[in-house]
Amino acid sequence: MDLNFTEEQLAVKEAAREFAEFELLPGVIERDEKEIFPAEQVKKMGEMGFLGMMVSPEYGGGGMDTVSYVLAMEEICKVDASCGVVMSVNNSLVCWGLEKYGTEEQKQKYLVPLAKGEVIGAFCLSEPEAGSDATHQRTTAEDKGDYYLLNGTKNWITNGNSASIYIVYAQTDKEKRHHGINAFIVEKDMPGFVIGKKEKKLGIRGSDTHSLMFTDVKVPKENRIGEDGFGFKLAMGVLNGGRIGIAAQALGIATGAFELALKYSKERKAFGVEISKHQAIAFKLSDMATAIEASRLLILQAANLKDDKKDFTKASAMAKLFASQTAMDVTIEAIQIHGGYGYVQEYHVERMMRDAKITQIYEGTSEIQKIVISRDLLK
Ligand SMILES: Cc1cc2nc3c(=O)[nH]c(=O)nc-3n(C[C@H](O)[C@H](O)[C@H](O)COP(=O)(O)OP(=O)(O)OC[C@H]3O[C@@H](n4cnc5c(N)ncnc54)[C@H](O)[C@@H]3O)c2cc1C
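Residues numbered from 1 in each chain as written. Predicted model: local features only at pLDDT ≥ 70, side-chain atom pairs only at ≥ 80, totals over all residues. Heavy atoms only, no water.

Peer 1: Any chance you could break down the overall build of the protein for me, citing the residues and the numbers?
Peer 2: Secondary structure assignment for the protein yields eleven helices and ten strands. Expected size for 379 residues packed as a compact globule is a radius of gyration near 21 Å; at 21 Å, the protein falls within 12% of this value. Projected onto its principal axes, the C-alpha coordinates of the protein cover approximately 80 × 45 × 35 Å. Buried residues in the protein amount to 54% of all 379 residues. Residue pairs in contact within the protein that sit at least 24 positions apart in sequence constitute 73% of those at least 6 positions apart. (Helix = DSSP H or I, 4+ residues; strand = E, 2+ residues; numbered from the N terminus. Rg over C-alpha atoms; globule rule 2.2 N^0.38 Å. Buried < 20%, exposed > 50% of the residue type's maximum accessible area, 1.4 Å probe, protein only. Contact = heavy atoms within 4.5 Å.)

Pasting the structure below:
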């Protein structure tokens, strides 16, 4: 694995860092407190090419590699993990699958505006009774000849209200179990599609998470992605790649909290010296930095394997498992280093701790990552 970044990769990282500092930092506390979706910021992210980074320029994307993507994700999430999840879902869970498996017509109609960031997408797999066990789809898509009739409810959908294009998974043939699942491109204004309530969340409160209801929604047959019954394979494939993005989100949160804690420890005095001079604090910083570096290496390994078109299933699960635990550990210690100030909004680290928790839950919980890793080890 080559750890020397190219000039292009470093330029992307720097652009993301500047964007985060100048466009995301102002207002991040208010957006979290008031649960405001960062519409203006997401629009700018689209204009800067952050929403379709890995899509080929032929379809309006940046044509970049996964390494560039994780470098940018880390910088964005260092400051605002809510913007990070919008970026992650659009890039990994929506655009990637559409480019790889969509028809030319689907790509022209849907991928191009998504990759350019003119609209954003949503990935709709989870249901009230189907989370970790995504095979258990209750949403149905009845084959009616030239269209499918979609009925059911999806839960916890990121970009639920702000998206325009939704990749919806549904059961077409129950007898075939997960081989009967299909993925469909659903437009927001299709009759029978209703956006449900917005969730009030612990963290990533700027992102809009909604339930979605489908009642007799007529989805044209040409909106199915891939062959009949390909949906489950598509979902697992995009989640595999998506995990690298979420691992990078976790790394960004951890790095952001670490940098704040490091700076604070050199400024705050207790017992006549900067608190960084107390070994208990210095050792916390050592542990935090070591876990962050280990996370970064796991993430870069997974990204490199993906870019080299090698199997990255185990690597992406390891990266997400480790980086998300690191994000929790580091943010908790960052609060501790800040003492009482860590417990209040204006020092950022309390938000970062709340944001970190979701990285252990979505796109496969930590327990599910362990299943993926152990399956690979024991095969
Ligand atoms: C803020 C947020 C945003 C989300 N965004 C999206 C989105 O955009 N699209 C989407 O489709 N979904 C989304 N999700 C859903 C998310 O992916 C699921 O919540 C997650 O997969 C877990 O599913 P569940 O909540 O049903 O928990 P469950 O599957 O019910 O799991 C409950 C607990 O049991 C454990 N568990 C389950 N099965 C096993 C097992 N076999 N072995 C060991 N432990 C197990 C889990 O690890 C967990 O600890 C989002 C969720 C949240 C909270």
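There is more to say, and it comes next.
Peer 1: Requested: an account of the layout of surface pockets, with residues and values cited.
Peer 2: Any empty space left between the atoms is revealed when a probe the size of a water molecule rolls over them. Counted as a void, the largest pocket has a volume near 1200 Å³. Residue lining of the largest pocket: 41 residues in total, with G131, I361, Y362, E363 and G364 positioned closest to the centre. Those elements that place two or more of their residues in the lining of the largest pocket are helix 5 (81–101), strand 3 (147–158), helix 7 (231–267), helix 10 (349–358) and helix 11 (366–378). Its residues placed into classes, the lining of the largest pocket shows 19 nonpolar, twelve polar and ten charged. (1 Å grid on protein atoms, 1.4 Å probe; cavity = no way out; pocket = protein on both sides within 12 Å on 5 of 7 lines; lining within 4 Å. Points joined across faces, edges and corners; volume = space filled by probe spheres on them. Nonpolar A, V, L, I, M, F, W, Y, C, P; charged D, E, K, R; others polar.)

Peer 1: Give a detailed account of the environment of P191, specifying residues and quantitative values.
Peer 2: Among the structural elements, P191 can be located in the loop between strand 5 (181–187) and strand 6 (193–198). For the pair P191 and I253, spaced 62 residues apart in the sequence, the C-alpha separation amounts to 39 Å.

Peer 1: Lay out the pattern of salt bridges with the relevant residues and their values.
Peer 2: Under the defined criterion, the tally for this structure stands at 28 salt bridges. Here E35 makes a salt bridge to R205, at a shortest N to O gap of 3.4 Å. Of this pair, E35 sits in the loop between helix 2 (28–34) and helix 3 (39–47) while R205 is found in the loop between strand 6 and strand 7 (209–220), placing the two residues 170 residues apart along the sequence. Comparing E35 with R205 shows no difference in burial state: the two are buried. A salt bridge links E350 to R354; the shortest N-O distance between them is 3.0 Å. Of the two residues, E350 and R354 are both situated in helix 10; the distance of four residues between them amounts to about one turn of the helix. One network of salt bridges, in which partners are shared, links D32, E35, K200, R205, E350 and R354. (Salt bridge = Lys/Arg side-chain N within 4 Å of Asp/Glu carboxyl O.)

Peer 1: So what's going on with empty space enclosed by the protein? Which residues, and what values?
Peer 2: Taken as a whole and judged by the stated rule, the model has four cavities of 30 Å³ or more. Here the largest cavity defines a volume of roughly 50 Å³. Broken down by secondary-structure element, the contributors of at least two residues to the lining of the largest cavity are helix 4 (66–79), helix 7 and helix 8 (279–307). Forming the boundary of the second largest cavity are V28, R31, D32, D80, S82, I204, R205, G206, R351 and D355. Elements with a contribution of two residues or more to the lining of the second largest cavity: helix 2 and helix 10. Taken together, the residues that form the lining of the second largest cavity break down as two nonpolar, two polar and six charged.

Peer 1: I'd like a rundown of the state of the cysteines, residues and numbers included.
Peer 2: All told, the structure shown has zero disulfides when counted by the stated rule. C77 takes part in no disulfide bond, and the closest cysteine sulfur to it belongs to C83, at a distance of 8.7 Å. Here C124 stays unpaired: no disulfide links it, and the sulfur of C95, its closest cysteine neighbor, is 14 Å away. (Disulfide = S-S within 2.5 Å.)

Peer 1: Give a detailed account of the site of the ligand, specifying residues and quantitative values.
Peer 2: Taken together, 17 residues sit near the ligand, with F123, S126, S132, W156 and T365 positioned nearest. Measuring from an oxygen atom of the ligand, one finds a side-chain N or O atom of E367 at 2.8 Å. In isolation the ligand offers 970 Å² of accessible surface; the protein chains occlude 65% of this area. According to the grid-proximity analysis, the pocket containing the ligand is the largest pocket. Among the secondary structure elements, those contributing two or more residues to the shell around the ligand are strand 3 and helix 11. (Near = heavy atom within 4 Å. Polar contact = N/O pair within 3.5 Å; in protein donor to acceptor, adjacent residues only side chain to side chain. Areas by Shrake-Rupley, 256 points an atom, 1.4 Å probe, with all protein chains shown as cover. Sits in = over half its atoms within 2 Å of the grid points.)

Peer 1: Run through the side chain of Q9, naming residues and quoting values.
Peer 2: In this structure, Q9 sits in helix 1 (residues 7–24). Every residue in contact with Q9, bar those within four places of it in the chain, is listed here: N4, D65, V67, S68 and L71.

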